[in-house]
Amino acid sequence: MISHIPVWVFFVLFGLMALGYRLSRTRLVRPGTVALIAFAMLAYSLYGVTSAFGVDALPLAAWAGGIAAAIMLGSQVIGSRGLSREGERVRVAGSWWPMVLLIAIFAVKFALGLARGVGSPVVEAAWCVGAASAVFGLISGSFAARALAVHRFADAARAA
């Protein structure tokens, strides 16, 4: 079965792991950089949803609902914890959570591809479509919540 996995899949995995490792370190960033990562993760998860389930109301609604839930809950949980301003940049505390989230998106996408490859009917079940799409939205929405927290912090620090 491993011989049927395209080589590019491993490059995507290693790229996500490298990004996750970088995000595990405390770093100085421009708020726009954090937003760019969030946008990329939203695009990657939308690709995961549409490539697995097509452009249909249920998967897109579940994906959007997951994003909304992550942003609403994440903005309260994440807040400005671990942030400090240094000039025009923000010092963001490193965390292993982004690595976990990046690998989770990859794992869900991989599992869906594998299930499709072996012809599993579960991939067509409404509960699977909704659940997987919501998971994609929740995970990528977590990156969006962090980007919003960094932007709010930078704006508040600039105004002060």
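Everything below is about the structure shown above.
Criteria and thresholds
- Residues numbered from 1 in each chain as written.
- Predicted model: local features only at pLDDT ≥ 70, side-chain atom pairs only at ≥ 80, totals over all residues.
- Heavy atoms only, no water.
- Salt bridge = Lys/Arg side-chain N within 4 Å of Asp/Glu carboxyl O.
- Buried < 20%, exposed > 50% of the residue type's maximum accessible area, 1.4 Å probe, protein only.
- 1 Å grid on protein atoms, 1.4 Å probe; cavity = no way out; pocket = protein on both sides within 12 Å on 5 of 7 lines; lining within 4 Å.
- Points joined across faces, edges and corners; volume = space filled by probe spheres on them.
- Helix = DSSP H or I, 4+ residues; strand = E, 2+ residues; numbered from the N terminus.
- Nonpolar A, V, L, I, M, F, W, Y, C, P; charged D, E, K, R; others polar.

**Q** Even after reading the chapter, I still don't get the pattern of salt bridges, so can you show me in this structure?
**A** If charged atoms from side chains of opposite charge come close, those side chains can pair. Scanning the model with the defined rule gives three salt bridges in all. Between Glu86 and Arg91 there is a salt bridge whose closest N-O contact spans 2.7 Å. On the accessibility criterion, Glu86 (35% relative accessible area) is partly exposed. By relative accessible area, which is 29% here, Arg91 ends up partly exposed. Note that Arg116 and Glu124 form a salt bridge whose closest N and O atoms lie 2.5 Å from each other.

**Q** I'm lost on the layout of surface pockets in this one. Help?
**A** Taking a probe equal in size to a water molecule and rolling it over the atoms shows the remaining empty space. By volume, the largest pocket is sized at about 600 Å³. Around the largest pocket sit 25 residues that line it, and Ile78, Trp97, Pro98, Ser142 and Arg146 are the ones nearest its centre. Counting residues per element, the ones that place at least two in the lining of the largest pocket are helix H2 (31-53), helix H3 (57-78), helix H4 (97-117) and helix H5 (126-159). Here the residues of the lining of the largest pocket sort into 17 nonpolar, five polar and three charged. Within this model, the second largest pocket holds a volume of roughly 370 Å³. Lining the second largest pocket are 16 residues, with Pro6, Val9, Phe110, Gly113 and Leu114 positioned closest to its centre.

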